[in-house]
Amino acid sequence: MQARFIKHWPSIVRFILIALFALPLVKTDFTLFPALYGRTVFFMLGVGLVFFGTLLFLALGGELRLPRSPLFIAVGAYVIVRLVSGFFGENAGKSFWGDQMRMTGTILWLHTGIFAALVSTFFSRENVRRLVAWVAVFGAGTAVLAWLMRATSFWAESGIEGRLFGTFGNPIFFANFLVIQVFLTLFLLLDARGWRKLLWGVVAVLDVVTVFFTESRGAFLAMLVGLALLLVGTVLFGHNRRARLTAMRGAAVVVVVLAALFLLRENPLLARVPAVSRLVGQVFSELGNATGTTRILFWEIAWKGFLARPFLGWGPENFDIAFDRFYNPQLIRFSFYETWADRPHNTILEALATTGVFGVVAYLGMFATAAFLLARTVRQKRISVPCALTLLGALAAHLLAGMFSFETPGALALLFLVFGLITVLADLPEEKYRPPRFVLDPTLRAVSVVTLTLFLTLTVAFVGVRPLRASHFVAVSGNALSSGALQRYESMLGKALQRSTPYRDENLIILADDLQKADAGGIVSREALMRVIPQLVAAMERAVAEHSNRFALMYRLGQMQGLGAEYVDRRYVADAERSFAASRALSPGRQVVTIAEAGFLLAIGETERAEKILRESISADPEFPRTHWLLGLVLINKGETKAGREELYTALKKGDALRTVQELILAIDVYTEAQEFEPIVQMYQYLIATQPRNPDWHARLAATYASLGKKKEAHNEVIKAVELDPSYREEAERFLKIIDVLPD
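Just so it is clear, the model here is predicted, and its values are computed rather than measured.

A. Local environment of the overall build of the chain. Each helix and strand counted, the chain has 32 helices and 2 strands in total. Residues counted as buried form 52% of the 744 residues belonging to the chain. In the structure as shown, the chain presents an accessible area of about 33200 Å², 62% of it carried by carbon and sulfur atoms.

Put into structure tokens, the structure is as follows:
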């Protein structure tokens with residue numbers, strides 16, 4: 001048995017490492033963030049299984065040949081910097097584990113580093129292309145699946161307006177993943193012959209086209225720059241005349257494409273094709289639109305975070321704490337969504353803010369070392385110039401794409417595959433040097449086997465099973481709550497709160513958000529709230545006691561205590577006020593705190609205190625519309641109807657984003673009183689889009705069109721109302737007689 005294990009283990013390892021790249025084809029719908037979290041856990045478990053199995057392989061007498069590579073040192077240095085920075089940072093646990101939404105904690109970097117080492121150990125120059133070929137095939141599978149999903153109701157229900165995202169759930173994540181796939185496919189294409197050249201050519205075109213239709217501008221530009229590097233480098237340094245001529249033609253095509261992007265960036269005809277419009281019309285004007293402006297504000301915050309802690313930063317995965325500390329109130333001008341950020345959407349600035357100068361140097365050092373190895377391998381004539389430039393293009397494209405986004409597990413796994421591939425290609429043959437071989441002393445083997453088995457069991461339990469189960473309970477509880485299955489919700493909530501997991505704080509934030517939305521939507525009973533809120537508040541108070549520096553957690557605790565004051569016991573009032581005060585201290589100028597506190601005070605009848613908070617906020621920032629809206633509600637609640645409607649009207653004119661049907665109806669009343677009917681049309685159109693079977697919205701829209709003198713549109717809406725509900729027929733006939741006599 002032992003001899004068979006030693007004989008077959010290398011083949012088993014190669015099979016598992018190849019199979020890991022099939023994970024992007026699946027989603028774990030039983031967990032939170034099914035497009036990312038679950039399969040990242042399975043990737044780490046797979047790498048951990050191979051790693052522990054390899055140690056067992058050594059313990060039982062197997063031998064391994066490890067390649068000599070400075071890239072191992074560079075990767076190890078960066079991981080060490082992350083560990084040290086995390087230890088001295090704001091939240092060491094989050095630095096190591098990351099969170100379920102991103103899954104890029106130091107533990108993933110450890111696993112991807114081990115993965116690269118395993119690739120370079122168990123694959124050779126003779127068979128490593130087989131690994132790359134399977135990775136390219138699986139990558140092409142994700143592209144095909146994305147197009148199939150676009151053609152089905154899955155895409156129609158996704159809410160991402162036609163952009164391809166596949167099983168990644170996010171077009172940017174998908175694009176960053178495919179960019180490296182493009183270069184790995186070109187790497188295979190360069191050495192392919194016959195039908196394989198045609199196959200890889202088709203796959204490369206598929207990947208490029210799919211990147212284009214993700215409409216991710218940063219990734220698309222990064223891909224073009226990487227291709228330009230490959231083509232120009234081949235022209236300048238290639239040794240084969242035919243290859244240089246082919247590269248010159250390809251470079252000309254890239255130049256033409258870039259020129260067309262610039263010259264046609266404002267062409268109105270491009271608006272007819274959404275993907276072309278988004279990429280061509282905006283790629284050169286990114287900084288001028290709202291997304292570009294918010295990115296600049298994020299970058300400014302990251303720079304301030306770096307200046308505050310220049311050496312080791314705030315700790316990996318802790319950019320949100322720096323963001324909260326240096327929050328810019330101007331962000332709310334764009335949307336509430338932009339007032340929350342856990343990444344600055346720039347990997348270099350993120351590294352500066354979270355790991356300091358040491359982290360940036362170590363991060364860039366990995367890429368510099370890989371480029372050095374490629375250059376040395378070319379000089380030794382162990383790889384062709386185009387092949388080396390293809391891998392260099394992959395590194396450059398990944399770095400450039402990161403200037404507009406951040407690291408993701410899928411792209412990170414491919415990056416470390418490239419590192420492993422470079423290590424294999426740069427490895428000198430055995431006649432040039434004696435490679436290290438590892439064999440354990442026989443006296444240590446028995447102890448090693450027992451120890452490794454124990455470590456493997458603990459790893460599977462702590463990295464895999466426990467967090468996955470907790471994530472499952474949180475996901476199921478949210479689904480049950482949104483569907484109104486309150487008994488199941490309470491059962492799953494209890495299980496979620498009982499499970500120990502490194503992602504406890506994140507789970508609590510998600511549970512709090514779910515309950516807040518359910519209460520706003522009126523889908524949870526008062527009795528259920530009275531049972532659930534104390535449990536959730538108690539769990540969040542324990543979490544805040546451990547991590548009092550997290551604004552997101554403190555703010556949600558204030559919200560839950562506010563609900564407690566409304567539905568459970570007035571004793572929560574003082575607790576909520578303390579939590580909101582602590583939230584303001586953690587993130588000065590954060591408008592959402594004022595909105596939440598004023599909202600809960602209004603809900604419990606403390607209108608005077610709510611008015612005081614809102615007037616202070618308006619005095620500091622009179623242009624923020626939401627505070628005007630809430631002040632209007634407070635004044636109406638106090639009986640000051642005229643003044644309240646004036647505040648509501650001010651909020652609407654300043655562009656307040658309405659959130660509920662009740663708010664839309666109130667806004668319609670305000671606009672009707674002001675005799676402004678055009679905005680009302682848009683509001684009814686939105687209500688019809690969200691509730692298409694409600695005839696009342698069509699009837700009201702018909703009346704609005706009549707007020708605007710649009711007889712044809714009014715007639716059409718009345719007919720639709722009658723089609724949905726025949727009981728409207730008599731009233732509709734009277735209405736049509738009235739509008740028929742109106743002047744055109």
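B. Representation of the environment of D207. When you line up the elements, D207 lands in helix α9 (residues 195–214). On the basis of relative accessibility, which here comes to 0%, the residue D207 falls in the buried class. Sequence-wise, D207 and L178 are 29 residues apart; in three dimensions their C-alpha atoms are separated by 6.3 Å. Not counting residues up to four positions away in its chain, the partners in contact with D207 are G139, A140, A143, L178, Q181, V182 and T185.

C. Fine view of a nonpolar patch on the surface. Side chains of I80, V84, F87 and F88 sit close together on the surface and give an oily, nonpolar patch of about 440 Å² of accessible area. Tracing the backbone through its elements, the reader meets V84 in helix α3 (residues 70–88). V84 gets classed as partly exposed once you look at its relative accessible area, which sits at 33%.

D. Region of the structure containing the confidence of the model for the chain. Per-residue confidence for the chain gives a mean pLDDT of 88; residues scoring 70 or more make up 89%. Overall, residues 155–159 carries pLDDT values under 50, and its contacts beyond four positions in sequence, including any with other chains, amount to 7 contacts. Per-residue pLDDT stays below 50 along residues 284–288; that stretch engages in 10 contacts with residues further than four places along the chain or on separate chains.

E. Structural view of the packing of helix α21 (residues 526–546) against helix α22 (residues 551–567). In contact at an axis separation of 9 Å, α21 and α22 are set at 150° when each is read in the N-to-C sense. Note that α21 runs across α22; the crossing there is left-handed. Note on element contacts: α22 touches α21 through L553, M554, R556, L557, M560, Q561, L563, G564, E566 and Y567, opposite R526, L529, M530, I533, L536, V537, M540, E541, A543 and V544. Across the contact of α21 with α22, the residue classes break down as 14 nonpolar, 2 polar and 4 charged.

F. Representation of the nonpolar core in the model. Formed by 187 residues in total, the largest nonpolar core has its most connected members in F43, F115, L184, M366, F416, F419 and L515. Among the elements that line this core, the one with the most residues is helix α8 (residues 171–191), at 14 residues. L652, L666, I668 and I739 belong to the second-largest nonpolar core, a separate cluster that totals 30 residues.

G. Structural view of the packing of aromatic side chains. Within this structure, the stated rule accounts for 36 aromatic pairs. One aromatic cluster is present, formed by Y78, W109, Y363, F367, F416 and F419 through successive ring pairs. Sitting above the plane of the W314 ring, R309 keeps its charged end 4.2 Å from the centroid.

H. Examining unusual backbone geometry more closely. Even without being glycine, E215 reaches a positive phi, approximately 60°. Structurally, E215 can be placed in the loop between α9 and α10 (217–237). Judged by its relative accessible area of 5%, E215 falls in the buried class. Its identity as a non-glycine residue notwithstanding, H345 has a phi of 60°, on the positive side. Along the chain, H345 turns up in the loop between α14 (319–325) and α15 (347–379).

I. Inspection of the packing of α8 against α10 at higher detail. Contact geometry for α8 and α10: axes closest at 9 Å, N-to-C directions at 20°. By the angle between their axes, α8 is roughly parallel relative to α10. Every pair of crossing elements has a handedness; the one defined by α8 and α10 is right-handed. On α10, the residues touching A175, N176, V179, V182, F183 and L186 of α8 are A219, M223, G226, L227 and L230. Of the residues assigned to the contact of α8 with α10, the class counts are 9 nonpolar, 2 polar and no charged.

J. Fine view of helix α28 (residues 661–673). If you check α28, its first and last C-alpha atoms are 19 Å apart, about what 13 residues at 1.5 Å a residue would give, namely 18 Å. For α28, every residue scored as buried is listed here: E663, L664, L666, A667, I668, V670 and Y671. Tucked inside the fold, the buried residues of α28 contact α26 (625–637), α27 (641–653) and α29 (678–690). Once α28 ends, the next one or two residues include Q675, with phi positive near 60°.

K. Layout of the pattern of salt bridges. Taken as a whole and assessed by the stated rule, the structure comprises 36 salt bridges. Among the salt bridges present, the one from D320 reaches R550, with a minimum N-O distance of 3.6 Å. Taken together, the residues D320 in helix α14 and R550 in the loop between α21 and α22 connect sequence positions 230 residues apart. Classification of D320 by relative accessible area gives buried; the value is 10%. Notably, a salt bridge pairs K638 with E611, separated by 2.6 Å at the nearest N-O pair. Of this pair, K638 sits in the loop between α26 and α27 while E611 sits in helix α25 (residues 607–620); the two residues are 27 residues apart in sequence, bridging distant segments of the chain. The network of salt bridges with shared partners includes K94, D99, D320, R504, D505, E546 and R550.

L. Highlighting α3. Here α3 is 19 residues long and its end C-alpha atoms lie 27 Å apart, about the 27 Å a rise of 1.5 Å per residue gives. For α3, every residue scored as buried is listed here: L71, A74, V75, Y78, V79, V81, R82, S85 and G86. Looking straight down α3, one finds that the buried residues subtend no more than 150° of arc, so they occupy a single side. Those residues of α3 that are exposed and angled more than 90 degrees off the buried face are I73, I80, F87 and F88. At its buried positions, α3 is contacted by α4 (92–97), α5 (106–122), α15 and α17 (409–426). Where α3 begins, the side chain of S69 points an oxygen toward the backbone nitrogen of L71, at a separation of 3.1 Å.

The rules behind the values
Residues numbered from 1 in each chain as written. Predicted model: local features only at pLDDT ≥ 70, side-chain atom pairs only at ≥ 80, totals over all residues. Heavy atoms only, no water. Helix = DSSP H or I, 4+ residues; strand = E, 2+ residues; numbered from the N terminus. Buried < 20%, exposed > 50% of the residue type's maximum accessible area, 1.4 Å probe, protein only. Areas by Shrake-Rupley, 256 points an atom, 1.4 Å probe, with all protein chains shown as cover. Contact = heavy atoms within 4.5 Å. Patch = residues over 30% accessible without salt bridge, like charges linked within 9 Å, V, L, I, M, F, W, Y side chains within 5 Å. Salt bridge = Lys/Arg side-chain N within 4 Å of Asp/Glu carboxyl O. pLDDT = per-residue confidence, 0-100. Axes fitted to C-alpha atoms, helices over the stretch in contact; angles between N-to-C directions. Left-handed = near helix turned anticlockwise from the far one by under 90°. Nonpolar A, V, L, I, M, F, W, Y, C, P; charged D, E, K, R; others polar. Core = buried A, V, L, I, M, F, W, Y, C linked by side-chain atoms within 4.5 Å. Phe/Tyr/Trp six-rings, centres within 6.5 Å; stacked < 30°, edge-to-face > 60°. Lys NZ or Arg CZ within 6 Å of the ring centre and 35° of its normal. Parallel < 35°, antiparallel > 145°, perpendicular 65-115°, else oblique. Expected span 1.5 Å × (residues − 1). Arc of directions from axis to C-beta. Polar contact = N/O pair within 3.5 Å; in protein donor to acceptor, adjacent residues only side chain to side chain.

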